[in-house]
Amino acid sequence: MKALFSLSTILVFVITIIMTKATSISLLAPSSGINLNLNFDTGTSNILDSISVDDRTFKKSDATIFSVEIVNRNSIFTLTSKDDNVIRSLSSSDTNDQVTASWQFNNNITVTLQFSSSSSSSSSFIDVTPSVIFPDSTNHGVATFTVSIPVNPQASDTAFFPDSYGEEASATNTYSGTYPSASAAMQHMAISSTTAPGLYVASHDKSGDWKELSYDGSSAFGVKMVPIGATKPVSGWTAEYPISLAALPKIGESAPLWFLASELYRAFIFAEPAAPWLQQGPIQKRLPTHLQNSHLWLNTGWQCHDVFEDAQGDPATAQKRVEDVVKIWRGLGLKDPVGLHYYEWQQGPDPDPSERYLFDTHYPDYFPGRVSDDGTTVESFAASVLADLGVYTYPYINGRIFDLTCDSYIADNGEEVCVKVPEKMKLFDGENTKLSVPTENYGSGPDFCIANPATEYWQNKLGSTVESLVKDYGASGVYIDQVASASMNLCYDPAHNHTIANGHWWRNGYLEMFNKIHELAPGAPMVTESNSEIYMDMVEGYLPLTAFMKGLASSSGDKVLVPAFSFVYGGFYNAFGAEFYQADFADVPYLRAKIAAMLVTGTQIGWFSLGGIEDDACGEMGLYDLFMDEGNLDVSQYIVDSANVRSELVDFFLNGRQYPNPVSDPAPEIVKGNKEYHDVMTGTWVSEDGGDVAAVVCNVSGSDKKFTLAFDFALYGWKEGDKYKMETSKKVYVVERGTSHVVEFDVAGSGIEVVRFSLII
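This one's a predicted model, so the numbers in the text were calculated from it and none came from an experiment. (Residues numbered from 1 in each chain as written. Predicted model: local features only at pLDDT ≥ 70, side-chain atom pairs only at ≥ 80, totals over all residues. Heavy atoms only, no water.)

## Examining the overall build of the protein
Right, so step 1: Helix and strand counts for the protein stand at 12 helices and 46 strands.
Right, so step 2: The C-alpha radius of gyration of the protein comes to 27 Å, within 12% of the 27 Å expected for a compact globule of 761 residues.
Right, so step 3: Counting only C-alpha atoms and orienting by the principal axes, one finds that the protein spans roughly 85 × 70 × 45 Å.
Right, so step 4: Across the 761 residues that make up the protein, the buried fraction comes to 61%.
Right, so step 5: Across the protein, every contact between residues at least 6 apart in sequence was considered, and the portion connecting residues at least 24 apart equals 69%.
Right, so step 6: Summed over its atoms, the accessible surface of the protein is roughly 27300 Å², and 48% of this surface lies on carbon and sulfur atoms.
Right, so step 7: Across the protein, 49 positive and 93 negative side-chain charges occur, with their mean positions spaced 6 Å apart. (Helix = DSSP H or I, 4+ residues; strand = E, 2+ residues; numbered from the N terminus. Rg over C-alpha atoms; globule rule 2.2 N^0.38 Å. Buried < 20%, exposed > 50% of the residue type's maximum accessible area, 1.4 Å probe, protein only. Contact = heavy atoms within 4.5 Å. Areas by Shrake-Rupley, 256 points an atom, 1.4 Å probe, with all protein chains shown as cover. Lys, Arg positive; Asp, Glu negative; His and termini not counted. Charge placed at Lys NZ, Arg CZ, Asp CG, Glu CD.)

Now the structure itself:
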């Protein structure tokens, strides 16, 4: 039997059933005209035999398409698509627009995967939705469900993963990230090459629930789900969201994989109803003017192993260091505010220096602040550098962990606030389930539990801490650590009044906490570690350190940073900061490359550590003495020049989105250090309305460079016949028509050039 079913003029499904043995579902993707075919066969253990994108076939016979962990009253066990003694079957809907694959196990448990269509005006998907059916409603529950999408990468394939800003690498690399966190800031993955089309794989979930995304480098993309109410007895379960597949075209010179995949993901995220973290709208209206224009950042002395120099947080020491460095920058032409991330400001109730509350101890207890021997206080320091030098101070607190030995934990029965998990994974039995408190240790001494953000206690505790810092200590804003960096923690404590295990409660709890914070400290921006999509309506700044742990180039197929996050969410977030080391100053082109990488990605520059200790394993990060060395004035000048260029383009970075770069001829060369960059880097940004384009071009090589950049305006939606003007840093004006333009550049060895294009209406 054959059936042809037309969904619309742009979306066609073909369902073919031959003696219930083989079924094919075919999708025509309207954006690219590429066919995505899922081929089924009940004679294979996975039933989904292969995935075809035009003439390319993804098939991995040894892959397992699903794995489900099931609990009963005594234990946990696993069922997979490849188990023996399973009855496998296929069925299609009456309307022939979906196929359901079923596995009936000998314990009368049935697992199904439903394959169906979803589409919009700009994109089309095949959605995969898992379900589990139990023989009764009292004896089983689902703990986890993992869907694996089979692939067999070619040597020429590139893979995309949503780590922080996004990363690309040879498809032989592996990936694992827990969402929501820095390791999975978004929810889409992809594979493609310059010679063959590819595949988009994403969890299409707008609730922000926990999941794990993975790619094993050889056989499959994976999405591991934990049900809302996981381990509770149920008669069955169906996933709250689908795993969505789409065809991707070949990678083009001006259309890299991250862009092709992120176009689809953005279409999903912004489709009505848009994701809830977009509901506050563009971020500029929430940013005070000083944060919009803080193009440079310092910190008092972070060290990558969290073992800090004692003096760096002393108010008098911090004040001198900040004043000395910022005065140099002002003398070199820095115009705008500077952000300061203030560590080790806390003293605690005992004024004895030996009793001071050190980093990663006593959270969430901090007060009072430190007082220097000369009487300088935290508040007088913050007021002085603000008034004299335009430096805005953001003290550090932690938003996630609770010290099991601190005064608040002991006095307030802190265990009630902690996330809890079952001592033994088996069927959940309400208050009769024995729970335990998982802990973390950072080498600083105490153990910490993870505070549940849905608890009123934690929301109020953080709110009162921020209120005091802003109103009593003169903080311009507050840095609240770990919120966007660490993953959501599942919690099974029914006393916390949220759904068991997974659910929207984690995001909603933090949202309530930040709403309280903003009410208690109105106008003061809150910033946090790393970037993750679900927090962007809560904070006014991300510190994306993990993004810049990768370079922007690779000569060996290693992972590189790509600007997927700024393409999807440009205009809805603000970001600042990367790690810098003393060793960077020994290789000035490499140091310029690290600074340029921040400029081209729209990130506020710096987060230079002033204090530091010797740490061979980490690398010394205290830069104060290097900044004070007159031999490094050229470095400070490049930093100031970069900040001033960023100031010129701030409207693009605040309101625009980053697009693929123009094609360079000749191709740039590699600058090697601990990471790799191109010696000429470009960042291309498009305004909110799509009518203006700005490209910032940085030559970090130290040698003058001549090259051309070929811009493809069709990527921005411009059409043949559109009239536009071009303006360069050298005040060259050109008026043209069309969808492409080649610009000739002659850039000095440490030069920064800007070219702008504007549609003429």
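On we go from here.
## Let's talk about the state of the cysteines
Right, so step 1: Overall, the coordinates contain two disulfides when judged by the stated rule.
Right, so step 2: Put simply, Cys-304 and Cys-618 are joined by a disulfide, and their sulfur atoms are 1.6 Å apart. Taken together, the residues Cys-304 in the loop between strand S23 (296–299) and helix H3 (315–331) and Cys-618 in the loop between strand S35 (605–609) and helix H10 (624–628) connect sequence positions 314 residues apart.
Right, so step 3: Among the residues examined, Cys-304 registers a relative accessible area of 22% and is labelled partly exposed.
Right, so step 4: Numbered by order of appearance in the sequence, the disulfide-linked cysteines of the protein pair as 1-4, 2-3.
Right, so step 5: Free cysteine: Cys-491, not disulfide-bonded; nearest cysteine sulfur from Cys-418 at 9.4 Å.
Right, so step 6: A residue is classified by how much of its surface remains accessible, and Cys-491, at 0% relative accessible area, is buried. (Disulfide = S-S within 2.5 Å.)

## Overview of the confidence of the model for the protein
Low-pLDDT stretches of the model should not have their predicted coordinates read in fine detail.
Right, so step 1: Residues of the protein with pLDDT of at least 70 account for 95%, and the chain-wide mean is 93.
Right, so step 2: In the model, residues 1–20 has pLDDT below 50 throughout and makes 50 contacts with residues more than four positions away in sequence or in other chains. (pLDDT = per-residue confidence, 0-100.)

## Digging into the sheet that holds strand S43 (residues 723–728)
Right, so step 1: Pairing is antiparallel across the open sheet formed by six strands, whose spatial order is S36-S40-S41-S46-S43-S44. Edge positions in the sheet fall to strand S36 (657–659) and strand S44 (733–737), since each of these pairs with one other strand and no more. Neighbour to neighbour, the strand axes of the sheet diverge by 25 degrees on average, direction disregarded.
Right, so step 2: The sheet contact formed by S43 and strand S46 (residues 752–759) spans five bridges and is antiparallel. Note on S46: the bridge partner recorded for Thr-728 is Val-755. (Pairing = 2+ DSSP bridges. Axes fitted to C-alpha atoms, helices over the stretch in contact; angles between N-to-C directions.)

## Description of the packing of aromatic side chains
Right, so step 1: Following the criterion strictly, the structure yields 65 aromatic pairs and no others.
Right, so step 2: Between Tyr-724 and Phe-757, the aromatic rings sit 6.0 Å apart at their centres with planes inclined by 70 degrees, giving edge-to-face as the arrangement. Here Phe-757 lies in strand S46 and Tyr-724 lies in strand S43, a separation of 33 residues in the sequence. Taken as a pair, Tyr-724 and Phe-757 share a single burial class, namely buried.
Right, so step 3: The ring of Tyr-241 carries the charged tip of Lys-211 above its face, separated from the ring centre by 4.8 Å. (Phe/Tyr/Trp six-rings, centres within 6.5 Å; stacked < 30°, edge-to-face > 60°. Lys NZ or Arg CZ within 6 Å of the ring centre and 35° of its normal.)

## Side note on the pattern of salt bridges
Right, so step 1: In this structure the tally under the stated criterion is 21 salt bridges.
Right, so step 2: The shortest N-O distance in the salt bridge between Lys-559 and Glu-167 comes to 3.4 Å. In this pair, Lys-559 sits in the loop between strand S33 (541–543) and strand S34 (560–561) while Glu-167 sits in strand S15 (residues 167–170), placing the two residues 392 residues apart along the sequence.
Right, so step 3: Looking at Glu-167, the relative accessible area reads 3%, which means it is buried. (Salt bridge = Lys/Arg side-chain N within 4 Å of Asp/Glu carboxyl O.)

## Concerning helix H4 (residues 378–389)
Right, so step 1: For H4, built from 12 residues, the straight-helix expectation of 16 Å at 1.5 Å per residue is met to within 8% by its first-to-last C-alpha distance of 16 Å.
Right, so step 2: Residues of H4 that are buried sit in contact with H3, strand S24 (338–342) and strand S25 (391–398).
Right, so step 3: Trailing H4 by a residue or two, Gly-390 shows a phi angle of about 65 degrees, which is positive. (Expected span 1.5 Å × (residues − 1).)

## Some words on the packing of H3 against H4
Right, so step 1: Orientation of H3 relative to H4, taken along the N-to-C sense of each, is 10 degrees, at an axis distance of 10 Å. Classified by the interaxial angle, the pair formed by H3 and H4 is roughly parallel. For the pair H3 and H4, the contacting residues are Pro-315, Ala-318, Gln-319, Val-322, Glu-323, Val-326, Lys-327 and Arg-330 in the first and Val-378, Ser-380, Phe-381, Ser-384, Val-385 and Leu-389 in the second.
Right, so step 2: Looking at the contact of H3 with H4 residue by residue, the classes come out as eight nonpolar, three polar and three charged. (Parallel < 35°, antiparallel > 145°, perpendicular 65-115°, else oblique. Nonpolar A, V, L, I, M, F, W, Y, C, P; charged D, E, K, R; others polar.)

## Regarding the layout of surface pockets
Right, so step 1: Counted as a void, the largest pocket has a volume near 1200 Å³.
Right, so step 2: Contributing to the lining of the largest pocket are 36 residues, with Glu-253, Pro-256, Leu-552, Asn-661 and His-678 lying nearest its centre.
Right, so step 3: Residues belonging to the lining of the largest pocket are distributed by class as follows: 20 nonpolar, 13 polar and three charged. (1 Å grid on protein atoms, 1.4 Å probe; cavity = no way out; pocket = protein on both sides within 12 Å on 5 of 7 lines; lining within 4 Å. Points joined across faces, edges and corners; volume = space filled by probe spheres on them.)

## A look at the environment of Arg-370
Right, so step 1: With respect to the helices and strands, Arg-370 occurs in the loop between S24 and H4.
Right, so step 2: Since its relative accessible area comes to 8%, Arg-370 is described here as buried.
Right, so step 3: Each C-alpha atom, one on Arg-370 and one on Arg-400, is 23 Å from the other, the two residues being 30 residues apart in sequence.
Right, so step 4: Here Arg-370 is in contact with Asp-310, Gly-313, Asp-314, Pro-315, Glu-344, Trp-345, Gln-346, Gln-347, Arg-356, Thr-376, Thr-377 and Val-378, once residues within four sequence places are set aside.
Right, so step 5: A distance of 3.2 Å separates a polar side-chain atom of Arg-370 from the backbone oxygen of Asp-310.
Right, so step 6: A polar atom in the side chain of Arg-370 sits 3.0 Å from the backbone oxygen of Glu-344. (Polar contact = N/O pair within 3.5 Å; in protein donor to acceptor, adjacent residues only side chain to side chain.)

## Things to note about the sheet that holds strand S45 (residues 740–747)
Right, so step 1: Spatially, S37-S42-S45 is the arrangement adopted by the three strands of the open sheet, whose pairing is antiparallel. With one partner strand each, in any of the chains shown, strand S37 (663–665) and S45 form the two edges of the open sheet. Across the sheet, the axes of successive neighbouring strands diverge by a mean angle of 25 degrees, strand direction being ignored.
Right, so step 2: Relative to S45, strand S42 (residues 705–712) runs antiparallel, the two sharing eight bridges. By the bridge assignment for S45, Thr-708 is matched with Glu-744.

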